[in-house]
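# Descriptive structure summary
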Amino acid sequence: MSSDELAKAQNAGAEEVTIFDKIIAGDIPCTEVYSDDKVLAFRDISPQGPVHIVVIPKNRDGLTQLSKARPDQKELLGHLMYVGK
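On a predicted model such as this, the values are computed, not experimentally measured, just so you know.

## Brief notes about the overall build of the protein
On a plain count of helices and strands, the protein comes out with three helices and three strands. Counting from the amino terminus, the protein carries its helices and strands in the arrangement α-α-β-β-β-α. Looking at the protein as a whole, 24% of its 85 residues qualify as buried. Sequence separation of 24 or more characterises 28% of the internal contacts of the protein that already satisfy a separation of 6 or more. As displayed, the protein offers around 6,100 Å² of accessible surface, 53% of which is attributable to carbon and sulfur atoms.

See the structure below:
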């Protein structure tokens, strides 16, 4: 998601821009460990264990909580789990 896309989303009354959106846009730096067209994985800045990697969708499309997942997001959820392994 580019900075322009973030601005359009804010102006259109779309979902609130989060810190994760800013990381994906490159506005906040991260220590990337994996990236593809669907997800970004990076080291947590405040790890709770020896290895703590955060894996997020690049286009969350309403997927802000697992409890809000839709049937059409099954493939993305599976991909997040696969990358997280």
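Now, onward.
## Here's the deal with the sheet that holds strand 2 (residues 39-43)
Overall, antiparallel pairing links the three strands, which are arranged 1-2-3 in an open sheet. Each of the sheet's edge strands pairs with one partner strand only, and the pair in question is strand 1 (32-35) and strand 3 (53-57). Going across the sheet, the axis of each strand differs from the next one's by a mean of 15°, ignoring polarity. Pairing between strand 2 and strand 3: five bridges, direction antiparallel. When the sheet's bridge partners are listed, A41 is paired in strand 3 with V55. Relative to strand 3, helix 3 (residues 74-84) is tilted by about 160°, and along the sheet it contacts strand 1, strand 2 and strand 3.

Conventions and cut-offs
Residues numbered from 1 in each chain as written. Predicted model: local features only at pLDDT ≥ 70, side-chain atom pairs only at ≥ 80, totals over all residues. Heavy atoms only, no water. Helix = DSSP H or I, 4+ residues; strand = E, 2+ residues; numbered from the N terminus. Buried < 20%, exposed > 50% of the residue type's maximum accessible area, 1.4 Å probe, protein only. Contact = heavy atoms within 4.5 Å. Areas by Shrake-Rupley, 256 points an atom, 1.4 Å probe, with all protein chains shown as cover. Pairing = 2+ DSSP bridges. Axes fitted to C-alpha atoms, helices over the stretch in contact; angles between N-to-C directions.

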